[in-house]
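# Descriptive analysis of the structure
Listed below are the residues making up each chain.
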Amino acid sequence: MNREKESRINEGYSYAKEKYAAFGVDTDNVISKLKDLKISLHCWQGDDVNGFEKNAGGADGGILSTGNYPGRARNADELRADFEKALSLIPGKHRINLHAIYLDTDENVERDQITTEHFRKWIDWAKRLGIGIDFNPTCFGHPMASSGFTIGSKDEKIRQFWVRHIKACRKIAADIGKELNSPCIMNTWLPDGMKDTPADRLGYRMQMKKSLDEIFQDKYDKKHLIDAFESKLFGIGVESYTVASHEFVLGYSLKNGITPCMDMGHFHLTESVADKISSVLLFSDDLLLHVSRPVRWDSDHVVILNDDLLAVAQEIKRSNAFDKVYYALDFFDGSINRITAWVTGTRAALKSILIALLEPTDHILQAENDGNYGNRLALSEEFKTLPFGAVWDKFCLDMGVPVGAEWLKNIKEYEDSVLSKR
């Protein structure tokens, strides 16, 4: 970046700093806080949820990535290279999120037999970059999931297979957390359900509870492993009934000390995920948030800076809970450059957090506590036009990543030199 442009960014930041200071907000302190916040980037955006199993079955069980844009990562080396390119264009130090089907091995290994060594190259790579890894069992895209059920199955052979798989994944996640000296969050999402209305809702949920009790019998140090459990409203092929509903997951998690995971696409579109955060945090020590963008349904579109994303960040800020909420991305779009999707979504999530941190919340709260709801409304509107963009540019400049849309040039160069040759 030339000195003239850098000077303009610093001038803009000086103006923004003064505007925010008038409301008692220290922008230097906010930038410092933002530098410490980590977002977990999901591997499945890079290859359309295919994974690298030798007998790969692809995604199913309510998951579908559409589009055929050139350059999809075909193996772990390519995916790691794409990850590095994305991380180089995102301000801050972040994490990556692996599904079990992204093992890096020449073995043809069944999912209930995977071990830490099948992810050794990922661990060594993360050590080199100085980043953490999160993990997920993969309970879809497999013949043993073709019935629509995994650990909620009434077929004991199927149920036990997936119990063994998730147990193996917990051991891998704990080893990852220990080796990287950073707690690995292992999130369990289960596709179990039916296309039409079942006669025995309770029976499948009893099976799932039984399985979960078996899975979580093995205890691990939370310094190494944080267990999370994700709910869902419905999925493709399970439109009428999902075993691991929001109520089931929240109840089991709170009763058993598991971290609840709320995906922004796993609720009715008229529900506010932001509204749920303060309630959950009253009863849970922490919360995993899957940041996604539903369009008419849980379609996992690339995250953008919209009202829903901002509302979630504001609620976390107003609940003083950024140390209790883990941010992880969850979307997949194969119709556009996949690295563009990663960078766009992560930068949008970071912008929403920045806006929330910059919010002069004390002024809004004071108006509310005084019963002056007119002032609360007016201040909320006025704060929307405070110059957060200048603070964002300064943050990018400080972190050594492209400012504004300059990063798209890097994507074009990478596409021409790397992706187009795949």
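A brief look at the structure comes next. Keep in mind that what you see is a predicted model, and the values were worked out from it rather than measured.

## Looking at the packing of helix α8 (residues 273-283) against helix α9 (residues 307-318)
Closest axis-to-axis distance for the α8/α9 pair is 8 Å, and the angle between their directions is 20°. Taken together, the axes of α8 and α9 lie roughly parallel to each other. Crossing hand, α8 versus α9: right-handed. Contacts between α8 and α9 involve V273, A274, I277 and S278 from the former and A311, V312, E315 and I316 from the latter. Classifying every residue of the contact of α8 with α9 gives six nonpolar, one polar and one charged.

## Quick notes on helix α4 (residues 120-129)
The set of residues buried in α4 consists of W122, I123, W125 and A126. Down the axis of α4, the smallest arc covering the buried residues is 165°, so these residues share one side. Of the surrounding elements, those touching the buried residues of α4 are α3 (76-87), β2 (95-99), β3 (133-136) and α5 (156-180).

## So, empty space enclosed by the protein
Evaluation of the coordinates by the stated rule reveals four cavities of 30 Å³ or more. By volume, the largest cavity amounts to about 190 Å³. Along the wall of the largest cavity there are 18 residues; nearest its centre are I63, H99, W189, E230 and D330. Among the residues making up the lining of the largest cavity, the classes are represented as seven nonpolar, five polar and six charged.

## Focus on the side chain of D330
Mapped onto the fold, D330 is located in the loop between β10 (325-329) and α10 (338-358). Despite being buried, D330 has no salt bridge partner; K232 is the closest side chain of opposite charge, sitting 7.5 Å away. Setting aside its immediate chain neighbours within four residues, D330 contacts H42, W44, E230, D263, H290, V291, S292 and D300.

## Focus on the packing of α10 against helix α13 (residues 388-399)
Between α10 and α13, whose axes approach to 10 Å, the crossing angle comes to 120°. Considering the angle they form, α10 stands oblique to α13. Seen along the crossing, α10 lies across α13 with a hand that is right-handed. Where α10 approaches α13, its residues R347, L350, K351, L354, I355 and L358 are matched on the opposing element by F388, V391, W392 and C396. Within the contact of α10 with α13, the residues separate by chemical class into eight nonpolar, no polar and two charged.

## So, the pattern of salt bridges
Applying the stated criterion across every chain yields a total of 32 salt bridges. Two residues, K195 and E239, come together in a salt bridge whose shortest N-O distance is 3.6 Å. On the criterion of sequence distance, the pair formed by K195 in the loop between β5 (193-194) and α6 (201-215) and E239 in the loop between β6 (225-230) and β7 (241-242) is long-range, its members being 44 residues apart. Among the ionic pairs, E271 bridges to K276, the shortest N-O distance being 2.7 Å. Since its relative accessible area comes to 32%, E271 is described here as partly exposed. Relative accessible area serves as the criterion here: at 16%, K276 is assigned to the buried category. Within this structure, E117, R120, D124, K127 and E179 form a network of salt bridges that share partners.

## Describing the pairing of β6
Counting buried residues in β6 gives six out of six residues, a clear majority hidden from the surface. Side chains of β6 alternate between two faces, with L225, D227 and F229 and I226, A228 and E230 buried alike. Sheet topology places strand β4 (residues 184-189) next to β6; six bridges connect them, and they run parallel. Bridging across to β6, C184 finds its partner in L225. Note that β6 and strand β8 (residues 259-263) share three bridges and pair parallel. Across the sheet, F229 pairs through a bridge with P260, a residue of β8.

So, how was this worked out
Residues numbered from 1 in each chain as written. Predicted model: local features only at pLDDT ≥ 70, side-chain atom pairs only at ≥ 80, totals over all residues. Heavy atoms only, no water. Axes fitted to C-alpha atoms, helices over the stretch in contact; angles between N-to-C directions. Helix = DSSP H or I, 4+ residues; strand = E, 2+ residues; numbered from the N terminus. Parallel < 35°, antiparallel > 145°, perpendicular 65-115°, else oblique. Left-handed = near helix turned anticlockwise from the far one by under 90°. Contact = heavy atoms within 4.5 Å. Nonpolar A, V, L, I, M, F, W, Y, C, P; charged D, E, K, R; others polar. Buried < 20%, exposed > 50% of the residue type's maximum accessible area, 1.4 Å probe, protein only. Arc of directions from axis to C-beta. 1 Å grid on protein atoms, 1.4 Å probe; cavity = no way out; pocket = protein on both sides within 12 Å on 5 of 7 lines; lining within 4 Å. Points joined across faces, edges and corners; volume = space filled by probe spheres on them. Lys, Arg positive; Asp, Glu negative; His and termini not counted. Salt bridge = Lys/Arg side-chain N within 4 Å of Asp/Glu carboxyl O. Pairing = 2+ DSSP bridges.

Remember, this is a structural readout, not a statement about activity or role.
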